[in-house]
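Spelled out from the first residue to the last, the chains are:
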Amino acid sequence: MPNTNDLTRLFPPDFVWGVATSAFQIEGAAFEDGKGESIWDRFCRVPGVIADASNGDVACDHYHRLDPDLDLIAGLGVDLYRFSVSWPRVQPLGEGAWNEKGLAFYDRLVDGLLARGLAPHLTLNHWDLPQALQDKGGWASRDTAHRFVDYALGIQRRLGDRLAAITTHNEPWVVAVLGNEEGTFAPGIQSRRTAIQVAHHLLLSHGLVLRALRAEGATAKLGIVLNMAWTMPLTDSAADQAKARLDDARGRRWYADPLFKGAYPAEVLAELGADAPVVEAGDLAVIATPMDYIGINYYSRALSSAAGPVEAKDKPYPKTDMGWEIYPEGLYELLMTMHREYALPPTYITENGGAFPDPTTDGHVHDADRIDYLATHIAAVGRALAAGVPMAGYMVWSLMDNFEWSSGYAKRFGIVHVDYATLARTPKDSALWYRDLVAASRALRPARP
Ligand code: PNW
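You'll find the protein chain entered in an unreviewed UniProt entry as Beta-glucosidase, with Scleromatobacter humisilvae given as the organism. As recorded by UniProt, the Sequence similarities (unreviewed entry) comment attached to the protein chain reads in full: "Belongs to the glycosyl hydrolase 1 family." As recorded by UniProt, the Catalytic activity (unreviewed entry) comment attached to the protein chain reads in full: "Hydrolysis of terminal, non-reducing beta-D-glucosyl residues with release of beta-D-glucose."

**Notes on the environment of Asp52**
Note on placement: Asp52 falls in the loop between helix 3 (39-43) and helix 4 (66-76). The partly exposed category is assigned to Asp52, whose relative accessible area is 36%. Sequence separation between Asp52 and Ala410 is 358 residues; the distance between their C-alpha atoms is 7.4 Å. Discounting residues that sit within four places of it in the chain, Asp52 has contacts with Ser407, Gly408, Tyr409 and Ala410. Engagement of the side chain of Asp52 in a polar contact is seen with the backbone nitrogen of Tyr409, the distance being 2.8 Å.

**A few points about unusual backbone geometry**
Backbone torsion omega between Ala186 and Pro187 reads 5°, so that peptide bond is classified as cis. With respect to the secondary-structure elements, Pro187 resides in the loop between helix 9 (172-180) and helix 10 (192-215). Even without glycine at this site, Ala29 takes up a positive phi of about 45°. Structurally, the position occupied by Ala29 is in the loop between helix 2 (23-26) and helix 3. Even without being a glycine, Ala53 presents a positive backbone phi close to 55°. Structurally, Ala53 is set in the loop between helix 3 and helix 4.

**Here's the deal with the pattern of salt bridges**
In total, this model carries 42 salt bridges according to the counting rule given. Two residues, Asp107 and Arg162, come together in a salt bridge whose shortest N-O distance is 2.7 Å. Separated by 55 residues along the polypeptide, Asp107 in helix 6 (residues 100-115) and Arg162 in the loop between helix 8 (142-159) and strand 4 (165-170) bring together distant segments of the chain. Classification of Asp107 as buried rests on a relative accessible area of 15%. Among the salt bridges present, the one from Glu271 reaches Arg250, with a minimum N-O distance of 2.7 Å. Taken together, the positions of Glu271 in helix 12 (residues 266-272) and Arg250 in helix 11 (residues 238-261) put the pair 21 residues apart, joining distant regions of the chain.

**Focus on the site of the ligand**
Taken together, 16 residues lie around the ligand, and Gln25, His126, Glu351, Glu404 and Trp405 are the ones closest in. Within the side chain of Tyr299, an N or O atom sits 3.3 Å from an oxygen atom of the ligand. The element best represented in the shell around the ligand is helix 9, accounting for 3 residues. Residue classes in the shell around the ligand are distributed as 9 nonpolar, 4 polar and 3 charged.

**Re the UniProt feature "binding site: substrate" (unreviewed entry) in the protein chain**
Mapped onto this numbering, the UniProt entry annotates "binding site: substrate" (unreviewed entry) at Gln25, His126, Asn170, Tyr299, Trp397, Glu404 and Trp405. Structurally, the position occupied by Trp397 is in strand 12 (residues 391-397). Tracing the backbone shows Trp405 in the loop between strand 12 and strand 13 (416-419). In this structure, Trp405 is in contact with Ser22, Phe24, Gln25, Trp40, Ile50, His126, Trp127 and Phe185, ignoring residues within four places of it in sequence. Only 3.4 Å separates the side chain of Trp405 from the side chain of Gln25, close enough to count as a polar contact.

**Brief notes about empty space enclosed by the protein**
Inspection of every chain in the model, using the stated rule, returns 5 cavities of 30 Å³ or more. Forming the walls of the largest cavity are Ala23, Phe24, Glu27, Gly28, Ala30, Lys35, Asp41, Gly56, Ser86, Arg89 and Asp128. Looking at the lining of the largest cavity, its residues break down into 3 nonpolar, 3 polar and 5 charged.

**Considerations on the packing of helix 6 against helix 8**
Between two packed helices, both the angle of their axes relative to each other and the distance between the axes serve to describe the pair. Two elements in contact, helix 6 and helix 8, have axes separated by 10 Å at closest approach and are oriented at 50°. Considered as vectors, helix 6 and helix 8 are oriented oblique to each other. Of the two elements, helix 6 crosses helix 8, and the hand of that crossing is right-handed. Across the interface between the two elements, Glu100, Leu103, Ala104, Tyr106, Asp107 and Val110 of helix 6 pack against Ile155, Arg158 and Leu159 of helix 8. Each residue belonging to the contact of helix 6 with helix 8 can be placed in one class, and the counts come to 6 nonpolar, no polar and 3 charged.

**Describing the pairing of strand 4**
Looking along a regular strand, one sees the side chains alternate between the two faces of the sheet. By the criterion of burial, strand 4 is predominantly enclosed, with 6 of the 6 residues buried. Relative to strand 4, strand 3 (residues 119-125) runs parallel, the two being bridged by 4 bridges. The residue of strand 4 that forms the bridge with Thr123 is Thr167. Pairing of strand 4 with strand 5 (residues 221-227) involves 4 bridges; the strand directions are parallel. When the sheet's bridge partners are listed, Ile166 is paired in strand 5 with Leu222.

Cut-offs used in this document
Residues numbered from 1 in each chain as written. Predicted model: local features only at pLDDT ≥ 70, side-chain atom pairs only at ≥ 80, totals over all residues. Heavy atoms only, no water. UniProt positions renumbered as here; feature names shortened; annotations may be inferred. Helix = DSSP H or I, 4+ residues; strand = E, 2+ residues; numbered from the N terminus. Buried < 20%, exposed > 50% of the residue type's maximum accessible area, 1.4 Å probe, protein only. Contact = heavy atoms within 4.5 Å. Polar contact = N/O pair within 3.5 Å; in protein donor to acceptor, adjacent residues only side chain to side chain. Salt bridge = Lys/Arg side-chain N within 4 Å of Asp/Glu carboxyl O. Near = heavy atom within 4 Å. Nonpolar A, V, L, I, M, F, W, Y, C, P; charged D, E, K, R; others polar. 1 Å grid on protein atoms, 1.4 Å probe; cavity = no way out; pocket = protein on both sides within 12 Å on 5 of 7 lines; lining within 4 Å. Points joined across faces, edges and corners; volume = space filled by probe spheres on them. Axes fitted to C-alpha atoms, helices over the stretch in contact; angles between N-to-C directions. Parallel < 35°, antiparallel > 145°, perpendicular 65-115°, else oblique. Left-handed = near helix turned anticlockwise from the far one by under 90°. Pairing = 2+ DSSP bridges.

This is the structure in structure tokens:
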């Protein structure tokens, strides 16, 4: 494992460090203070879809523990906090009336960050769509893109002048594919055709929001966050290599190509046939509206085989609790590929981290495997930076253990442990390690004026 000093030397003084969360995964207070129902509130109540039959009703109770949680973040000494706004908390039906108590919560959150010297990186959509909009078709309906613009403008008017960055969507692939094609995530729809249209409307709404916010004079940096694996062939056979290229086009380039090149990958359009998205004139130009930054969430590599899905036994690298192979080299290769294929704006790793068993003695989590995961991945970012990729920052997923979607609370990604019986927060060894890394990197910086 690279030591902290070796790691910090890889990064320039203006490289920023952060921690990330999302609203549904930590806030709780699901039905309080006028919050509307989200598709995840609804989905969690479908029998059998969440591993431990849990839900987000309480989660980490962050909604009621805002100030201590902000102190926790400040205690890590990081530069920024990446969080998301629950759309139904601020606009319960996704259109029309605003919920003042919900807006006031994010007002306090943003002010609380600024008071502690932390830059607010706000995500508009981290998956918790108002159920009322799902009832009207959700992201499969083009109208939802326009409702999203109104929501974004409401957030801009209330919070915009105090935000460092606004992300439109977190991981549109997950919303489209897991939510609307496989149906393992909310809203639980199983239709490739729907998923493809959902993806198009997510991208379209991203571009529409960029244009609307800039017209409104937004000062925050504007961008999107994409999840990307590093896709490799299982063997070096020509068939497996071709399959890997196709899988990479379906997963990564389906999103990155329209954003950076204004076109969907032709080979994927060809295989979609009648399931190709309905694209109106001008949509692709809107989607390709230049961004101020791009966020990439990286967790693992993906293996492709022409023979079908690759089984766990054919994945040789050590795995996290999610069953995801630990493969930091993939992050380096992915960043180099993105840099080669596109004119990247400042690029952030907006999520990276792992779920681990978290051995505990005397009430302290000694998560050496998480430290090793973070250190090796951060080193990969440093190598990409040295090779010319415009890396601007790195954020750990996640600040604290939280609701891991269909896995419930059993999978723990936090660098801070949460005891779900008492909701007490305790920094793990990895939190202390990360704090030291950030401090060492800061020590190399010129003093702030
Ligand atoms: C991301 N996959 O989700 C999300 O942005 C986080 O909210 C989540 O907690 C984190 O990663 C860990 O899972 C993903 O199956 C979920 O490829 C699933 C996948 C990728 C990302």
